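Observations on chain architecture
The residues making up each chain are set out below.
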Amino acid sequence: MATEPGDEDNGLREFRMEELAKEAGITVRTVRFYRERGLIKPPRREGRIAWYDETHLTRLRTIAALLDRGHTLNGIAELSEAFDRGRDVGELLGLGEPTEETPVRLSPTELADHFAGEVTPENLQAALDLGYLGTDGEEIVHISRRLLEVSAALVREGIPLAEVLLAASRVREHADAMATLFTELILAHGTEKDVQRLRPLAKSVVEAELSMALDRKLGPPAP
């Protein structure tokens, strides 16, 4: 039975190593090995007793799930390192959640399932750097369900995730430039409230121009 001496501090159940191993369905020796490899964070110490909490249990279950999906321990260690370096979702979202996008909470294994075989340390770091992903405890938060679904669809079509993320960074540059152009145009003749009110017009212009640009690039559809 797990004891709970730290509940008043962080609201999390706490476990001795033997209890943690039993909850995770692994051996004490495996817990020690993962701790030595840096796959789980150090426990809280109270005298000679080491206390693990639910975040350790979640990480152990994540490791087991990723191993089942074919990831190696070295790869999981690199993913964990990138994940631990990721920006907190509060920092990522800044002043608040996107006004027209729906953030999505994912476990690391759910993220791996969206991009089977493509969630490498390099791709995870690129997504974190781009600001698509943030962290919240042991969860990952994608800032936009639409972007998540489109990215996954492109990968399913055979486009490597690394190239999708590289294209996304270039799109971000152009999107920022268009947002600046529209904002400056409206502010020259109105206020910030006008920018918010008229933003659907900016989106319509961008969508129409992109559609016509694709027409020019691709030509008419084959009969």
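Above this note sits the structure.
Within every chain, residues take consecutive numbers counted from 1 along the sequence as written. Under the rules for a predicted model, residues below a pLDDT of 70 receive no local features and side-chain atom pairs below 80 are neither given nor counted, while totals for whole chains, interfaces and linings still include all residues. To get the side-chain values, take all heavy atoms of the structure and skip hydrogens and water.

1. Observations regarding the packing of aromatic side chains
Between rings of Phe, Tyr and Trp, where Trp is taken as its six-membered ring, a pair exists when centres lie within 6.5 Å; planes separated by under 30 degrees are stacked, by over 60 edge-to-face, and by other angles tilted. If you walk through the whole model with that rule in mind, you get 1 aromatic pair. Centre to centre, the rings of Phe 33 and Tyr 34 are 6.1 Å apart; their planes meet at 50°, and the pair counts as tilted. In this scheme, a residue with accessible area under 20% of its type's maximum is buried, one over 50% is exposed, and one in between is partly exposed, where area comes from a 1.4 Å probe on protein chains only. Given the relative accessible area of 35%, Phe 33 is considered partly exposed.

2. Overview of the pattern of salt bridges
Salt bridge, as used here, is a side-chain nitrogen of Lys or Arg placed within 4 Å of a carboxyl oxygen of Asp or Glu. This model, assessed by the stated rule, comprises 11 salt bridges. Here Glu 14 ties to Arg 44 by a salt bridge, and the two come within 2.7 Å at their closest N and O atoms. In this pair, Glu 14 is assigned in strand 1 (residues 14-15) and Arg 44 in strand 2 (residues 44-46), connecting sequence segments 30 residues apart. When its relative accessible area of 29% is taken as the criterion, Arg 44 is described as partly exposed. Residues joined by salt bridges that share partners form a network here, namely Glu 14, Arg 44 and Glu 46. Where helices and strands are cited, they refer to DSSP runs of H or I of at least four residues and of E of at least two residues respectively, numbered from the N terminus.

3. Things to note about the environment of Val 141
Within the fold, Val 141 resides in strand 6 (residues 139-142). The buried category is assigned to Val 141, whose relative accessible area is 4%. Sequence separation of Val 141 and Leu 106 is 35 residues, and the distance between their C-alpha atoms is 6.1 Å.

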